[in-house]
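Survey of secondary and tertiary structure
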Amino acid sequence: MPVSLLWAVDVYGRVYSLSTAGQQWEQCRNSQMEFKRVTAAQTCCWGIACDNSVYLNVHASDLPIRYQEDTYENQRWNPVDGFSDRLLPSDRWQWSDSSGLQHQPLNGFQLPSSTWEWEGDWHVDENLEGEPTEKEGWTYAMDFPAAYTKDKKWNSCVRRRRWLRYRRYKAMDTWAKIPSQQTTLPDPFSDISCGGWEISEEPGGRLSLWAVSLQGKVWFREGISHHNPEGSSWVEVPLPGEVVQISCGPGDLVWAVLWEGQLLVREGISRDNSKGTSWAVVESPNPEVGAIHVAVGMNVVWAVTKDNKVWFRRGVNSHNPCGSGWISMVGEMAMINVGLNDQVWAIGCEDRVVYFRQGITSSELSGKTWKAINVPRDGDRSHSSASASSLHSAGCFFSGEVRAPSVASDAELDIEHPPGDGAISNAPLHCPEPCVDAHKNTSSELCIEPLKPHIPKVTSDSFISELVSDRKPAKTDAESVSSAVLEEEVVPGEGEVNVLSSDAITCTQSGGPPDPQWSNVDLEEAQIQHVQTGAVPDSADSCSLSSVATYTLALEDQYGADEHPLWAWVSGGGCSVDSHSQLNWFNCPLNTSMLQSVQSMSLSVSPAQTAAWRKQIFEQLTERSKREMDNFRHYEQAIEQSVWVKKGAMQWWRDWKPHKWIDVHFALEQFSGADGNKDGILFIYYNYHEEKKYLHAFINEVTILVPVLNHSKHTFAIYTPERTKQRWPIRLAAATELEMYDWLALLSVSCCDSRGIQGPPSKQAIWSITCKGDIFVSEPSSALEATPYPTPCDQMFWRQVGGHLRLVDCNSLGIVWGIGYDHTAWVYSGGYGGGFFQGLASSTDNIYTQTDTKSVYIYENQRWNPVTGYTTRGLPTDRYMWSDASGLHECTKTGTKPPSPHWTWVSDWAIDYSVSGGTDREGWQYAADFPASYHGFKTMKDFVRRRRWARKCKLSTTGPWQEIPPIQLSDVTILPCSAQSSVDVVPLWAISNKGDVLCRMGVTLLTPAGTSWLHVGTDQPFKSISIGAASQVWGVARDGSAFYRGSVSAQSPAGDCWYHIPSPAKQKLKQVSVGRTSVYTVDENGNLWYRQGVTPSYPQGSSWEHISNNVRKVSVGPLDQVWIIADKVQGSHSLSCGTVCHRLGVQPMDPKGQSWDYGIGGGWDHITIRGNSMEPSRICLSSMTDPSPQAPRSPLPVRSTESSSALNLTM
């Protein structure tokens, strides 16, 4: 799970953040101001400072925030001057927007605030709908407005060109003040809340920001998006009363608290109306005691009343935002906050400690118990680690068990102790789990940490000044520290803890604070512990003493060294945790500080040294094992041969018609020879016309085992070379899912043993992915690309690797990256197995939890009739009114299930507006008939319409993959190179899910995940990218145009400019792959194109040549090997879509090859050959007069050559 932050404000107005992977609060040190409230999202945090101004803190990212400004220059032709800026009075402005209605001169564009900066100067856009224009970027038309073309015609009387300029948001990881409006300023704000990012899943990243002024008015910030994080203006929202606090959830829930204690619910919030339409009143949970605070999430509402009682609202959802009733919860809190996944945080009203609600799941939204977050702040690190370090250096360790250490602030100690007594701050003692058995709150559900003195209740912002005014200066006198006494309560059954006062022990350390003060604590059995640990005391005085060093505090430090902070506000809107998250927030102070001190004293070992050490140990163990085994090779085998059989009952999809499932007996007979080789045979026993027959397959002939999961049968398919040719595998169904996976794991191990394959995939492996996201690898041989007789593609053996991905890329150095359906990037960890593989079929190391999320789509179809308009009554020949994209299969909301039993729904059905062609406000697309080209607006000829519904589902599995947060990717490519390559830093390029081109820095063999991203600027979003063996980078934009990146090298990893490559005539490209010298692309119609004329001196090439059709994906290897995923491959039994195909006859003099060899399929969606740099074996046959290989199979259809015009250069 990606690292995210929990934000909080202490009573002094200082803002802290706590990472989900961290163990301490980090203070925002770039701001000297004090804050009252903060509200967080995943990408930013908003806050109200004590000057009543609103500030924004945008989290730093490798992906910059860029906004594209554009304007159009318009000209008209006249007989005297030709094209000039002399326009007719009825014409548009010389400089205007796209419509021509708004005047937009170049010098009229201003930066919206000081947090922005210009990125370069104005430049001309030389692209028109994927086609390069002439050098100056002009497009021509007969008049304004009209359809523009890049070619000038005899009747072209007007022309225009587009100018572009980018501005970049520069105030990252710092608090930037939101600029004031030009109109009347709103009142000073007292509360603020952000959310609404789940209302629309558009890449724009819209956000809703609500604020409450001191006069009780509610304001809404308009225009907040990914490209404009500050928003544009404040708009007042009418109210039925005065509001004191407001809360906005990630979805469409917005609740507010009235001054009288009632609650308001905002209704009518939708994708097109983020502000909503009206308010509904909800009574307080307790009519006698009004509410003071409310917090909302996706489907939950929590509230706190004036008596600090916590309440949970049941029945809340998007269809019923008001809910149905209140449930009283245990605990007394000052405020409460709901974050991502409906997780809840709160601040105790007595102790001002941040609490986390444990046990919240999708089925248990109210959770189970409160648990205090007990981690130090970064300001405490120096004190805690220094004391632990001094303790460790003195050879003193704690013994016994301290159950309830006293924790108190300076202000509290001044109240409860006379000035002369002093008090030692909370020492970092070892506190076993649980450390709060001795003291609990009166509520049995509260899991509150050690006993804490009373802190005055505060319910308004005035508590900051009250607490600060009552607070005394921190003690700095060394004598007061040395006379401090540590008080502990006697714990029954654990022995007594006697506290003694001792003289100060002087301990000097270079660079550390002078004269640390020690107080000796005599613990039971300390002497025994010292003997057991082998500690040798230096003097009799320290034999049975455990000592704690406390340092004098600086005058500017407002807290004691180990005093727990007093929190005023918490926000978890950007904190992504769930019930299964492993958090280190609940440890006792000693555990963190002691661990830090021990780690600080350990030797610094770099990852490179660790990897080298592991490799050296592995080589030594391998050498020793080989040496010891050689000494016993002359002994005879105790068992020369063994045979074992496993049987089971299954169902088999029979080969002959009518095809149906029949009951069979399945058996695996495996035997091992005297030489250790293993082999086996599969038997399927069935009855045919009451006659017993069997079907068999040799284990060493099985090429792949594919799980075929559905909700009706637990099936898997077995392929052999002959079955692959037929496109008809052996299909078996087990009684249960567990039984199916047991057979799959056993058969997989047997197949690998018979072929001598063990451990993780090699660096040269070929990776492929099915349409269901299953990952398979194949170990290539040198004969795979041999000439003239290569290894047939259908004889390749594929084995499954754990995990779930959408695409994968690799190189021959062993670096493998993958991208999931949810655009999450993953890097291969070097393990094998995972998922359903157990025991010998999987490694125990380098296997991690992996999750993936995808959307399931169904379509609602309607036809128009003159009486009722658009209805669900269609013609008898129409498609189903609820169907899939093709309309051939009925798919209803209630009948549609997740892709397999491993997937679970994580959302409800919602209208999907991100459909190609656009939609109207209700999500409908219109067309003349089914099926046809759909558009997002209605015309007189549109008699049918449809809209797409989406529902998210989630899968959890395991595999050798580690997540690479936080940027989501849509494509990735790694430099293909030879196995003997000496590349130190491996070039890796990627495209974000928003279309940004990125270059990964620091990718090496020891750090395959790299270190950071470098953004490469483009004028339009991209969708595919590939880098060749000579660092030639090609990309495809979303409009289908091709680009080449110039001057990419080790010294300039990002290159310097983009060259616009003309696409094939009337085709839009969708994918590109580059090898050593070859460049192949696939267009949206499934055509495969080869780029001719590519040379080192002219890497852009000259023209496109058509190679084949019915192609889904292409992969070009480091030796210019060409592999594709093809559709509509005809077998002897059936037609398959998604088939792995290999291009035969590819040679340096014939890079296009001659024919196709068909391999495994169908159901495959992706393949990469970019890791196979194994040189093919060459066979010279003197008897052969024609050296060209004979094509074993007919190629996919025709070729044609399309020439292209000259290239244009765009920066």
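Residues numbered from 1 in each chain as written. Predicted model: local features only at pLDDT ≥ 70, side-chain atom pairs only at ≥ 80, totals over all residues. Heavy atoms only, no water.

1. What to know about the overall build of the protein
A count of helical and extended segments in the protein gives nine helices and 77 strands. Scored against the burial criterion, the 1211 residues of the protein give a buried share of 53%. For the protein, the proportion of contacts with a sequence separation of at least 24, taken over those separated by at least 6, is 60%. (Helix = DSSP H or I, 4+ residues; strand = E, 2+ residues; numbered from the N terminus. Buried < 20%, exposed > 50% of the residue type's maximum accessible area, 1.4 Å probe, protein only. Contact = heavy atoms within 4.5 Å.)

2. Remarks on the pattern of salt bridges
Applying the stated criterion across every chain yields a total of 28 salt bridges. Put simply, Arg76 and Asp91 hold a salt bridge, and the shortest N to O gap is 2.6 Å. One end of the pair, Arg76, is in strand S7 (residues 66–78); the other, Asp91, is in the loop between strand S8 (82–84) and strand S9 (95–96), with 15 residues separating them in the sequence. Judged by relative accessible area, Arg76 falls into the buried class, the value being 12%. Each of Arg66, Glu119 and Arg168 takes part in a single network of salt bridges with overlapping partners. (Salt bridge = Lys/Arg side-chain N within 4 Å of Asp/Glu carboxyl O.)

3. Notes on the nonpolar core
Counting 35 residues, the largest nonpolar core has Trp817, Leu969, Trp989 and Trp1013 as its most contacted members. Considering every element that reaches this core, the biggest residue donor is strand S58 (residues 988–992), with four residues. Sequence-distant contacts of Leu969, defined by excluding residues within four places in its chain, comprise Arg806, Trp817, Ile819, His823, Ala825, Ala990, Ile991, Ser992, Asn993, Leu998 and Trp1013. (Core = buried A, V, L, I, M, F, W, Y, C linked by side-chain atoms within 4.5 Å.)

4. A short note on the sheet that holds strand S1 (residues 5–10)
With respect to topology, four strands assemble into an open sheet ordered S3-S2-S1-S35, the strand pairing being antiparallel. A strand with exactly one partner marks an edge of an open sheet, and here the two such strands are strand S3 (25–27) and strand S35 (567–571). This sheet shows a mean twist of 30° between the axes of neighbouring strands, independent of strand direction. (Pairing = 2+ DSSP bridges. Axes fitted to C-alpha atoms, helices over the stretch in contact; angles between N-to-C directions.)

5. A look at the side chain of Glu69
The topology assignment puts Glu69 in strand S7. The class for Glu69 is buried, based on a relative accessible area of 12%. A polar side-chain atom of Glu69 sits 2.9 Å from a polar atom in the side chain of Arg167. Once residues lying within four places of it in the same chain are set aside, the contact partners of Glu69 are Phe109, Trp118, Trp122, Trp163, Leu164, Arg165 and Arg167. (Polar contact = N/O pair within 3.5 Å; in protein donor to acceptor, adjacent residues only side chain to side chain.)

6. Side note on the UniProt feature "domain: Peroxin/Ferlin" (unreviewed entry) in the protein
UniProt's feature table lists "domain: Peroxin/Ferlin" (unreviewed entry) at residues 64–125, 137–170, 851–912 and 923–956, given in the numbering used throughout. Annotated as 0% helix and 44% strand, the span residues 137–170 places its first and last C-alpha atoms 30 Å apart. Across residues 923–956, helical content stands at 0% and strand content at 47%; the span's end C-alpha atoms are separated by 31 Å. (UniProt positions renumbered as here; feature names shortened; annotations may be inferred.)

7. As for the sheet that holds strand S74 (residues 1155–1158)
Spatially, S69-S70-S73-S74 is the arrangement adopted by the four strands of the open sheet, whose pairing is antiparallel. Only two strands of the sheet have a single partner each, and these edge strands are strand S69 (1111–1116) and S74. The average undirected angle you get between the axes of adjacent strands in this sheet is 30°. With four bridges joining them, strand S73 (residues 1139–1144) and S74 adopt antiparallel strand pairing. Its bridge partner being in S74, His1142 is matched across the sheet by Asp1157.

8. A short note on the environment of Cys793
Relative to the assigned elements, Cys793 resides in the loop between strand S44 (775–778) and strand S45 (798–801). Here Cys793 falls in the buried class, since its relative accessible area comes to 2%. For the pair Cys793 and Ile1160, spaced 367 residues apart in the sequence, the C-alpha separation amounts to 7.6 Å. Setting aside its immediate chain neighbours within four residues, Cys793 contacts Trp1123, Val1140, His1142, Asp1157, Tyr1158 and Gly1159.

9. Concerning the packing of aromatic side chains
Scanning the model with the defined rule gives 43 aromatic pairs in all. With a centroid separation of 5.4 Å and 90° between ring planes, the pair formed by Tyr16 and Trp567 is classed as edge-to-face. Of the two residues, Tyr16 sits in strand S2 (residues 15–19) while Trp567 sits in strand S35, which places them 551 residues apart along the sequence. Within the aromatic cluster, the residues linked to one another by ring pairs are Trp7, Phe35, Tyr55 and Trp175. It is Lys646 that lies over the ring of Trp743; its NZ or CZ is 4.8 Å from the centre. Positioned above the aromatic ring of Trp1156, the side-chain terminus of Arg1143 is 4.7 Å from the ring centre. (Phe/Tyr/Trp six-rings, centres within 6.5 Å; stacked < 30°, edge-to-face > 60°. Lys NZ or Arg CZ within 6 Å of the ring centre and 35° of its normal.)

10. So, the pairing of strand S41 (residues 714–719)
Burial analysis of S41 places five of its six residues in the buried class, which makes it a mostly covered element. Taken together, strand S40 (residues 704–709) and the strand that follows it, S41, pair antiparallel across an intervening segment of four residues. In the sheet, S41 pairs with strand S42 (residues 730–734) via five bridges, with the strands oriented antiparallel. Counterpart to Ala717 in the pairing with S42 is Arg731.

11. Some points on a nonpolar patch on the surface
On the surface, Trp613, Ile617 and Leu621 cluster together to form a nonpolar patch covering roughly 300 Å² of accessible area. Along the chain, Leu621 falls in helix H7 (residues 607–630). Owing to a relative accessible area of 45%, Leu621 belongs among the partly exposed residues under this scheme. (Patch = residues over 30% accessible without salt bridge, like charges linked within 9 Å, V, L, I, M, F, W, Y side chains within 5 Å. Areas by Shrake-Rupley, 256 points an atom, 1.4 Å probe, with all protein chains shown as cover.)

12. Some points on the side chain of Asp342
Considering the arrangement of structural elements, one finds Asp342 in the loop between strand S27 (325–338) and strand S28 (344–348). Separated by 2.7 Å, the side chain of Asp342 and the backbone nitrogen of Met298 make a polar contact.

13. A few points about helix H9 (residues 737–755)
Taking 1.5 Å as the rise per residue, H9 with 19 residues should run 27 Å; its terminal C-alpha atoms sit 27 Å apart, in good agreement. For H9, the set of buried residues is Met740, Tyr741, Trp743, Leu744, Ala745, Leu746, Leu747, Ser748, Ser750, Cys751, Cys752 and Ser754. Looking one or two residues beyond H9, the residue adopting positive phi is Gly756, at roughly 70°. (Expected span 1.5 Å × (residues − 1).)

14. Section: unusual backbone geometry
Looking along the chain, the bond that leaves Phe144 and enters Pro145 is cis, with omega of -25°. With respect to the element layout, Pro145 can be found in the loop between strand S13 (139–141) and strand S14 (158–169). Each neighbour pair has its own omega, and for Phe930 with Pro931 the value is -25°, a cis peptide bond. Within the element layout of this structure, Pro931 appears in the loop between strand S54 (925–927) and strand S55 (944–959). Unusually for a residue other than glycine, Ser1047 sits at a positive phi of about 65°.

15. Comments concerning the environment of Arg1038
By the element assignment, Arg1038 lies in the loop between strand S62 (1033–1037) and strand S63 (1042–1046). Measuring from C-alpha to C-alpha, the distance between Arg1038 and Glu129 comes to 9.8 Å, with 909 residues separating the pair along the chain. Those residues in contact with Arg1038 that lie beyond four places of it in its chain are Asn993, Lys994, Gly995, Pro1021, Phe1022 and Lys1023.

16. Some details on the pairing of strand S36 (residues 642–653)
Two faces belong to every sheet, and in a regular strand the side chains alternate between them. Examined bridge by bridge, S36 and strand S37 (residues 661–672) share 12 bridges and lie antiparallel to one another. What sits directly across from Lys647, in S37, is Ala667. In the sheet, S36 pairs with S42 via two bridges, with the strands oriented antiparallel. Residue pairing in the sheet places Gln651 in a bridge with Ala733 of S42.

17. What about the environment of Val15?
Of note, Val15 is situated in strand S2. Sequence separation between Val15 and Lys36 is 21 residues, and the spatial gap between their C-alpha atoms is 9.2 Å.

18. Section: the confidence of the model for the protein
As a general rule, the predicted coordinates of low-pLDDT regions are not to be interpreted in detail. Across the protein, the average pLDDT comes to 80, with 77% of residues at 70 or higher. Within the protein, no element has a lower average pLDDT than strand S34 (residues 545–550), which sits at 33, and none a higher one than strand S47 (residues 816–819), at 97. The low-confidence segment residues 381–562 (pLDDT under 50) makes 278 contacts with residues lying over four places distant or belonging to another chain. Low pLDDT (under 50) marks residues 1181–1211, which in the prediction has 81 contacts with non-local residues, meaning those over four places away or in another chain. (pLDDT = per-residue confidence, 0-100.)

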